[in-house]
Structures are given as C-alpha cells and as structure tokens.
Amino acid sequence: MHIPTRSNQTLAVFGLGASGLAAVDALRASGATVLAWDDSPEPRHAAQEAGIALSEPARWDWPDLDALVLSPGIPLTHPEPHPVVRRARRSDCPVIGDIELLGEAVPDARMVGVTGTNGKSTTTALLGHLLTEAGRQVAVGGNLGPPALSLPALGRGGIYVLECSSFQLDLVERMRFEVAILLNVSPDHLDRHGDLAGYVAAKRRIFRDRPGGGQVAIVGTDDDAGRLLLAYLAERPGWTLVPIGVGRTVDGGVSVLGGTLFEGAAPVADLSGIDTLPGAHNHQNAAAAFAAARSLGLTRAEAAAALATYPGLPHRQETVAVIDGVRYVNDSKATNGEASRHALVCYDAIYWIAGGKPKVDGLAAVLSELHRVRRAYLIGEAEDAFAREIGGRAPVARCGDLARALAAAHRDAQRERPPGAAVLLSPACASFDQWPSFAARGDAFREAVRGLGEAST
C-alpha cells in the first residue's frame, strides 16, 4: 500500500499491534519517516524482530510531526486521553487512524463502512461474499480480518468493505464512505466513550458528508438510535436512505418477514433455509448486506443467489460438531449481553458457557431468554456477578475456566440429550481476563470440541 500524500512526511505510529505494524510498513514504503512505539514490551520486541526501529515519545520532536497514527485500542478521550494524545493536541498534531490513511492511499476506490454494536462482522463478511460471487474486485478488512493498510491496493472501481469499530471511527477525520451501514446500537464500550451518547456519536461518524454527495446510508430501524439517525439523515442533502427492518415492512427499504427477504414489496430470498444465517439478528445482517450490494450495482438475482452460498463466519454461531445428537456451537465473538441474546434465541435446550471480562451491561439483555438454558457454566472474572444476575432463573455451575466448563457441559448434555440440545459458548464478555482475543478463546473451544468428537468416535 502506497500513500502518496505522506511521502517525505514525518509521522509517529503509537501502538504496534497488527494495525500499527501495517501502518508502519505502508508509511515506510511511501517514503515517510516513521517513529514507532508501544507501551508494552511484547509488541516492541515483535517490531524490532520485523526490522522496525523504535523511538520513545519523549524523544519525538512533536512540532515537526505531520500526524500521530494511533492504534484504535489506545484511549483517545475516556477514561482519559493517553499521554501521547494529550501531547499531540498540545502540539496541534493531527491524531488519525489507519482507515484515514487507506482513504488517502486509494482515493479512486469505492468505500463501504459497516458499523453497529452487533452483527457488523457478519454483515461485512457477507457483503464481501456477495460482491466476490458477482465478480467484483473487492477487499474486506478493517476491524475484521486484515488491517486496513495490509489490504491490496485496488484501482478505480475496486470496492473496500471495512468493518469499523467505534474506536476506529473516532479516528476518522477526512475519510468519507460511499456506502455507510449502521446496523443497531445498544450500550457497549461505555468506558471508552464516557456514556451512551458518546458511543452513539462515535458510530455516527461513519455518515460524514463528502463534497458532491452521492452517498448511501443503510440504517437498521429496529431500535430507537437507528430511527433517530434516519430522521437526522433525512434532513441532510446528498444521502440516499435505505432503512432495514426485521419483522415488519419498511417504506423504501429492505425487510425480512417470516424468514423471507423483501426489497420493497418484492420477495427476494428465503433466509430460513440458510444454516449460516440463523435467527432474526442474522436476518438484519442479510438485509443490510443485500441493500449494500444492490446500491453497489448488483442485480437482485445476483445478490439473492450469493446469499444462499454464504459459508459463515468463524466464532459467530459456528457449528463445530454434532456429537451423538448434541450440537456444539462456537459463538466466542459474542462479547456483550445483546450479542449473546441473539444466540440464545436460536436454540431451545442450551448448555451455556458464559463469562470472561464483563461489560457494563452484564446479562440484562439475556435474562428474558434464560428459560432456554438447561444450565449455565460460568467462567472468568464475571463468574460471581453472572451467578448473582442469573439467580434462580437457571441452574448454575461455577467452572472457573473454559476447559472445565466445556467438560461439564459435555457431560451433562450427553447424559440428558434433550431434543435440540446445544452446548453453546456465547460468553457475553470480553476475553481479556484469560485469553488474548475472542478468536483465541473460540479456537480453544473448537479444538477441544473436536477432541471430544474423536473420543466419542
């Protein structure tokens, strides 16, 4: 990736995870001088192993920096700005992210941004699948998969489909999306945004106006935040609005009723038979991806045909195995209560593994669905709090870690074997108390379940 706007500039990159390392590589390849640092020794060591020279922020000549490229995990505003952010602001140094730089690198490409509290990864991957199946030149990444600056450089007409977290959108300044998708909003990451209003404000940054307009806003209208946003965008010129809804029709948009996807009043596809898109939340994802594909030029027939061949997303209601009639489901990407609720409604006899590093909302979103849970197997920092929240609504086993929880859930499910039994890892928590990422947690679950299957065979 070459960023011509940054040739012969001096930029600092703070945070040397995957996105930070990709930013360093792209900037150096573009002829920029790069100052790189991370607070943690492990990323610094990995950077040095990759041949990247390190420089501590205390030694940077801040007035001469053209920009600070901040990794999205570094606090920008709350609970308080990181010291490098405060220093950059005192020096009038712009603070940007890697998505901003991608927009500078490929100004002739078409940009699609996908955000929302839940479902953005599935929608991003599904839209990428629809476009690929229709023969379009597409690259998919951002918060999902490859970092933005490690994606291939696409020419004019190429389409980037980027999952955008609220942390990443906070770092977008001049970047504008041709198609912007907001699926839903529920409380999440409030420690990083101060309150729900700050979180919503970050999400809304995906709808920044570009000169000349010609932008498409695809907005989920199944919650208050989406409906308010749609009314707000209706007052702004340059936007074509496409509402999406599940369980009801929406004027001028895409809806799902009884498992059937409709474009306006026209039935398009039966989603109920697509095993990789179970539940109403995935119907919302399918509606958004279909609407985006249509706005990018796919015919109704092209988009509908590709929906049926979607292979699914790892760690998102991923069926790992069916052992003696019991389904084992990896939903490790469910890192908040609302995401876990979406999984619980898809099954009727659940042996539920939950817990980890808790979010502010706890289990409030899932309490109404606990009648589906045969037993909850609790792990991690949230174990005690979740046991209190569940109370007498479902039996609880305190297991401590994933290995013990899976062993207990497997034993109970195989002994009882109710119709439709599912051992479900859907933690409703972040992973960082015991795992480096939700993916590592899901990988461990997957490998352990496969071991159980081999033992059963």
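In this text the structure is predicted, and so the values were computed from the model without any measurement. Note that residues are indexed from 1 along each chain, following the sequence as it is written. Since the coordinates come from a predicted model, pLDDT governs what is reported: local features require at least 70, and pairs of side-chain atoms require 80 or more to be given and counted, while whole-chain, interface and lining totals use all residues. Remark: hydrogens and water are excluded; side-chain values derive from all non-hydrogen atoms of the structure.

A short note on the sheet that holds strand E11 (residues 254-257)
- A strand pair is defined by DSSP finding two or more bridges across the two strands. Strands here are runs of E lasting at least two residues and helices are runs of H or I lasting at least four, both read from the DSSP assignment and numbered beginning at the N terminus. Read across the open sheet, the nine strands follow the order E6-E7-E5-E8-E9-E10-E11-E12-E13; overall the sheet is mixed. If you trace the sheet from one side to the other, it starts and ends with strand E6 (138-142) and strand E13 (266-270), each paired once. Pairs of neighbouring strands in the sheet enclose a mean axial angle of 20 degrees, with direction left out of account.
- Strand direction decides the pairing type here: E6 and strand E7 (residues 159-163), joined by five bridges, are parallel. Residue Gly-141 lies in a different strand from E7, and its bridge partner there is Leu-162.
- Where helix H5 (residues 120-133) meets the sheet, it contacts strand E5 (110-115), E6 and E7, and its direction lies at approximately 165 degrees from that of E7. Only the stretch in contact is used when a helix axis is fitted, and all axes are lines through C-alpha atoms; the angle between N-to-C directions ranges over 0 to 180 degrees. Any two residues whose heavy atoms approach within 4.5 Å at even a single point are treated as in contact.

Quick notes on the pattern of salt bridges
- A pairing counts as a salt bridge when a side-chain nitrogen of Lys or Arg comes within 4 Å of a carboxyl oxygen of Asp or Glu. Counted by the stated rule, this structure contains 29 salt bridges.
- Ionic pairing is found between Asp-209 and Arg-236, a salt bridge with its closest N-O pair at 2.6 Å. Linking Asp-209 in the loop between helix H8 (196-204) and strand E9 (215-220) with Arg-236 in the loop between helix H9 (224-234) and strand E10 (239-246), this pair joins segments that are 27 residues apart in sequence.
- In this structure Asp-209 comes out as partly exposed when scored by relative accessible area, which is 36%.
- For Arg-248, the salt bridge is made with Asp-222, and the minimal N-O distance between the two is 3.0 Å. Taken as a pair, Arg-248 in the loop between E10 and E11 and Asp-222 in the loop between E9 and H9 lie far apart in primary sequence, 26 residues in all.
- Judged by relative accessible area, Asp-222 falls into the partly exposed class, the value being 35%. Buried residues are those whose accessible area, probed at 1.4 Å on protein chains only, stays under 20% of the maximum for their type, while exposed residues exceed 50% and partly exposed ones sit between those limits.

Some thoughts on the layout of surface pockets
- A cavity here means a set of 1 Å grid points, computed over protein atoms only, where a 1.4 Å probe fits but cannot escape. A pocket is an open set with protein on both sides within 12 Å along at least 5 of 7 lines, and lining residues have an atom within 4 Å of a point. Grid points are joined across faces, edges and corners, and a volume is the space filled by probe spheres set on the points. The calculated volume of the second largest pocket comes to roughly 350 Å³.
- Any residue that is not Ala, Val, Leu, Ile, Met, Phe, Trp, Tyr, Cys, Pro, Asp, Glu, Lys or Arg is counted as polar, Gly included; the first ten are nonpolar and the last four charged. Its residues placed into classes, the lining of the second largest pocket shows seven nonpolar, six polar and four charged.

Points about the sheet that holds strand E14 (residues 318-323)
- The strand order across the open sheet built from six strands is E14-E15-E20-E16-E18-E19, with neighbouring strands paired in mixed fashion. Of all strands in the sheet, those with a lone pairing partner are E14 and strand E19 (396-400), marking the two edges. Neighbour-to-neighbour, the strand axes of the sheet open up by a mean angle of 20 degrees, direction not taken into account.
- Bridging between strand E16 (residues 349-355) and strand E20 (residues 421-425) involves five bridges; their strand directions are parallel.

Considering the pairing of E7
- Here E7 lies mainly inside the structure; five of its five residues are buried.
- Because side chains alternate across E7, one face comprises the buried residues Ile-159, Val-161 and Glu-163, and the other comprises Tyr-160 and Leu-162, equally buried.
- In this sheet, E7 lies alongside E5 in parallel orientation, the contact comprising five bridges. Within the sheet, the bridge partner assigned to Arg-110 lies in E7 and is Ile-159.

Let's talk about the pairing of strand E15 (residues 326-330)
- The element E15 is largely enclosed, with a buried count of four among its five residues.
- Where E14 meets E15, five bridges bridge the pair, whose relative direction is antiparallel. Bridging across to E15, Ile-323 finds its partner in Val-326.
- Between E14 and E15, which pair antiparallel in sequence order, lie two residues; one of them, Asp-324, sits at a positive phi of approximately 50 degrees.
- With four bridges connecting them, E15 and E20 associate as parallel partners. Bridge pairing in E20 places Asn-330 opposite Leu-425.

Some remarks on the environment of Ile-3
- Summarising the element assignment, Ile-3 is placed in the segment before strand E1 (10-14).
- Those residues within four positions of Ile-3 in sequence are excluded, and the remaining contacts are Ala-26, Leu-27, Ser-30, Leu-101, Glu-104, Ala-105 and Leu-149.

Topic: the nonpolar core
- Residues enter a nonpolar core if they are buried and are Ala, Val, Leu, Ile, Met, Phe, Trp, Tyr or Cys, with the set joined through side-chain atoms within 4.5 Å. With 49 residues, the main nonpolar core has Leu-27, Tyr-160, Leu-162, Phe-177 and Phe-207 as its most contacted residues.
- The leading source of residues in this core is helix H1 (residues 18-29), at five residues.
- Those residues in contact with Tyr-160, other than ones at most four positions away along the chain, are Met-1, Leu-102, Val-106, Ala-109, Arg-110, Met-111, Val-112, Ala-139, Leu-151, Pro-152, Ala-153 and Leu-154.
- The next biggest cluster of nonpolar side chains, apart from the first, holds 43 residues, and it includes Val-179, Ile-218, Ala-287 and Ala-293.

Things to note about the packing of aromatic side chains
- Stacked, edge-to-face and tilted labels apply to pairs of Phe, Tyr and Trp rings (six-membered ring for Trp) whose centres lie within 6.5 Å, assigned for plane angles under 30 degrees, over 60, and everything in between, in that order. For the structure on display, the rule yields two aromatic pairs.
- Between the aromatic rings of Trp-60 and Trp-62, the centroid separation amounts to 5.2 Å while the plane-to-plane angle is 50 degrees, which identifies the pairing as tilted. With respect to burial, Trp-60 and Trp-62 carry one shared label: buried.
- Between Phe-207 and Trp-239 the ring centres are 5.7 Å apart and the planes differ by 65 degrees, which places this aromatic pair in the edge-to-face class.

Focus on unusual backbone geometry
- Put simply, His-78 and Pro-79 share a cis peptide bond, and its omega is -5 degrees.
- With a phi close to 45 degrees, Arg-417 is a non-glycine residue in the positive phi region.
- Tracing the backbone shows Arg-417 in the loop between helix H14 (402-416) and E20.
- Overall, the relative accessible area of 45% leaves Arg-417 in the partly exposed class.
- Despite not being glycine, Ala-428 has its phi angle at roughly 60 degrees, a positive value.
- Relative to the assigned elements, Ala-428 resides in the loop between E20 and strand E21 (429-430).
- In this structure Ala-428 comes out as buried when scored by relative accessible area, which is 1%.

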